[in-house]
Amino acid sequence: MDKQHYTKSIIEYERLKNMQNQIFRNKEFPDQVFCPNYGRFRFSEYNWGDQEVYWDVIQSLAKQCCDAYLFFSIINPDPIEYYYKAFGMYPCCTLMGNSTWEDFVSFFEYSFSKEYCDSFQFGPRSVCCYGSSLKWGIYGDQDLETSILAIREDSEIDLNIVKNKWKSLEDALDIWIPLVFTHSGMVVPKMIEEPLRKNYSV
């Protein structure tokens, strides 16, 4: 993959941003990052390189929703203040709905610079992914090593496709989020746990 998959056009960036804003709020996790009409939350460890957990699920969602396109965006660092000013491109990537795992890996590993830290794989603190149907979205937060899948309430997506791959909030709080806090005995602070339960309990 090369940089042509990202956009240099402010018009295209704003179009994609407007679509993104129909799913995601301008908030930071563990605040509620999804718009009010999204729910049925499922959780996964932040590992976008896991084909079975991420790409296979994304393809299944796209197939169910007849998504012609898949959109991936870096939310933090700031798309304009960092990526556009540093590299002349906005960190928004569009893939066809029937793209392959190899297409995804090529995008996933592409770095805006010679440093790995400027790739989707390693650089962002937060990212998002969604289909052109706007019936689902995934928000990834690297600080808490967690991604959240949300489904639009009026859609009839069969979540059996994520069974045993994406977990409940309780599983996330029991299994991997505590690992972020090894310095404090793997106890999730109340300032993290309480908003998670408030915003994402099903």
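Refer to the structure presented above.
Residues numbered from 1 in each chain as written. Predicted model: local features only at pLDDT ≥ 70, side-chain atom pairs only at ≥ 80, totals over all residues. Heavy atoms only, no water.

K.L.:
Which residues make up the side chain of Ser-99, and what values do they have?
P.N.:
Note on placement: Ser-99 falls in the loop between β4 (90–96) and α4 (101–109). Within the structure, Ser-99 has its side chain in polar contact with the backbone oxygen of Met-96 (distance 2.7 Å). If we ignore the near neighbours within four places in the chain, the residues touching Ser-99 are Trp-55 and Gln-59. (Helix = DSSP H or I, 4+ residues; strand = E, 2+ residues; numbered from the N terminus. Polar contact = N/O pair within 3.5 Å; in protein donor to acceptor, adjacent residues only side chain to side chain. Contact = heavy atoms within 4.5 Å.)

K.L.:
Describe the sheet that holds strand β2 (residues 38–45), listing the residues and the values that go with them.
P.N.:
The 7 strands lie next to each other as β1-β4-β3-β5-β6-β7-β2, forming an open sheet whose pairing is antiparallel. Each edge of the open sheet is held by one strand with a lone partner, namely β1 (6–7) and β2. By the bridge criterion, 2 bridges tie β1 to β4 in an arrangement that is antiparallel. Paired with Tyr-6 across the strands is Cys-93, a residue of β4. Its contacts with the sheet place helix α1 (residues 10–20) against β1, β3 (69–76), β4 and β5 (126–131), and it is angled at close to 75° to β4. (Pairing = 2+ DSSP bridges. Axes fitted to C-alpha atoms, helices over the stretch in contact; angles between N-to-C directions.)

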